[in-house]
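# Overview (structure and organization)
Here's the letter readout for the chains.
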Amino acid sequence: VNHAWEDLCGFDKKEALHRSLNILQGPDTRVSLTQRMVERLLATHDPQEVYVVNYNKQGEAFTNHLRAGYIQEDNGLELLVGILEP
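Described in the following lines is the structure provided in the data block.

The rules behind each value
- Residues numbered from 1 in each chain as written.
- Predicted model: local features only at pLDDT ≥ 70, side-chain atom pairs only at ≥ 80, totals over all residues.
- Heavy atoms only, no water.
- Pairing = 2+ DSSP bridges.
- Helix = DSSP H or I, 4+ residues; strand = E, 2+ residues; numbered from the N terminus.
- 1 Å grid on protein atoms, 1.4 Å probe; cavity = no way out; pocket = protein on both sides within 12 Å on 5 of 7 lines; lining within 4 Å.
- Points joined across faces, edges and corners; volume = space filled by probe spheres on them.
- Nonpolar A, V, L, I, M, F, W, Y, C, P; charged D, E, K, R; others polar.
- Salt bridge = Lys/Arg side-chain N within 4 Å of Asp/Glu carboxyl O.
- Buried < 20%, exposed > 50% of the residue type's maximum accessible area, 1.4 Å probe, protein only.
- Expected span 1.5 Å × (residues − 1).
- Arc of directions from axis to C-beta.
- Contact = heavy atoms within 4.5 Å.

## Thoughts on the pairing of strand 2 (residues 61-72)
- Bridge count for strand 1 (residues 48-55) against strand 2 is 8 bridges, and the pairing is antiparallel. The residue bridging Tyr55 from the neighbouring strand is Ala61, located in strand 2.
- Adjacent in sequence and paired antiparallel, strand 1 and strand 2 are bridged by 5 residues, among which Gly59 carries a positive phi angle near 90°.
- Inspection of the sheet shows strand 2 paired to strand 3 (residues 78-85) by 8 bridges, in the antiparallel sense. From the neighbouring strand, Arg67 faces strand 3, where its bridge partner is Ile83.
- Hairpin connection between strand 2 and strand 3: a loop of 5 residues separates the two successive antiparallel strands, and Gly76 in this loop has a positive phi of roughly 95°.

## What about the layout of surface pockets?
- The calculated volume of the largest pocket comes to roughly 590 Å³.
- Taken together, the elements giving at least two residues each to the lining of the largest pocket come down to helix 3 (31-44), strand 1, strand 2 and strand 3.
- Ranked by residue count, the leading element in the lining of the largest pocket is helix 3, at 6 residues.
- A per-class count over the lining of the largest pocket returns 14 nonpolar, 9 polar and 1 charged.

## So, the pattern of salt bridges
- Within this structure, the stated rule accounts for 2 salt bridges.
- Where Glu85 meets Arg67, a salt bridge forms, and the shortest distance between an N and an O atom there is 3.4 Å. Of this pair, Glu85 sits in strand 3 while Arg67 sits in strand 2, placing them 18 residues apart in sequence.
- Judged by relative accessible area, Glu85 falls into the partly exposed class, the value being 32%.
- Residue class for Arg67 comes out partly exposed when judged on its relative accessible area of 33%.

## A few points about helix 3
- For helix 3, spanning 14 residues, the distance from its first C-alpha to its last is 20 Å, which sits close to the expected 20 Å at 1.5 Å a residue.
- Of all the residues in helix 3, the buried ones are Leu33, Thr34, Met37 and Leu41. Down the axis of helix 3, the buried side of the element spans an arc of 90°, and every buried residue falls inside it. Exposed residues pointing more than 90 degrees away from the buried face of helix 3 are listed as Glu39 and Ala43.
- The inward-facing, buried residues of helix 3 contact strand 1, strand 2 and strand 3.

Pasting the structure below:
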């Protein structure tokens, strides 16, 4: 969570930390798109991207370009990193 994300989504860092992107979902969000993207990412470890309709805290829709990647640290820690772009 950074200032640009807070400005775009309307949630501050305290509201967003340790929560999933479900807080951005609304009536026109196609959850299956992001689910399939995560499944492909976990299966292949190849970067993935999708365009999805999300909603800010005020309920206003925006199209979101979500890019995600897989990182494995030397100590075995596995991370999924996502970047949102309006």
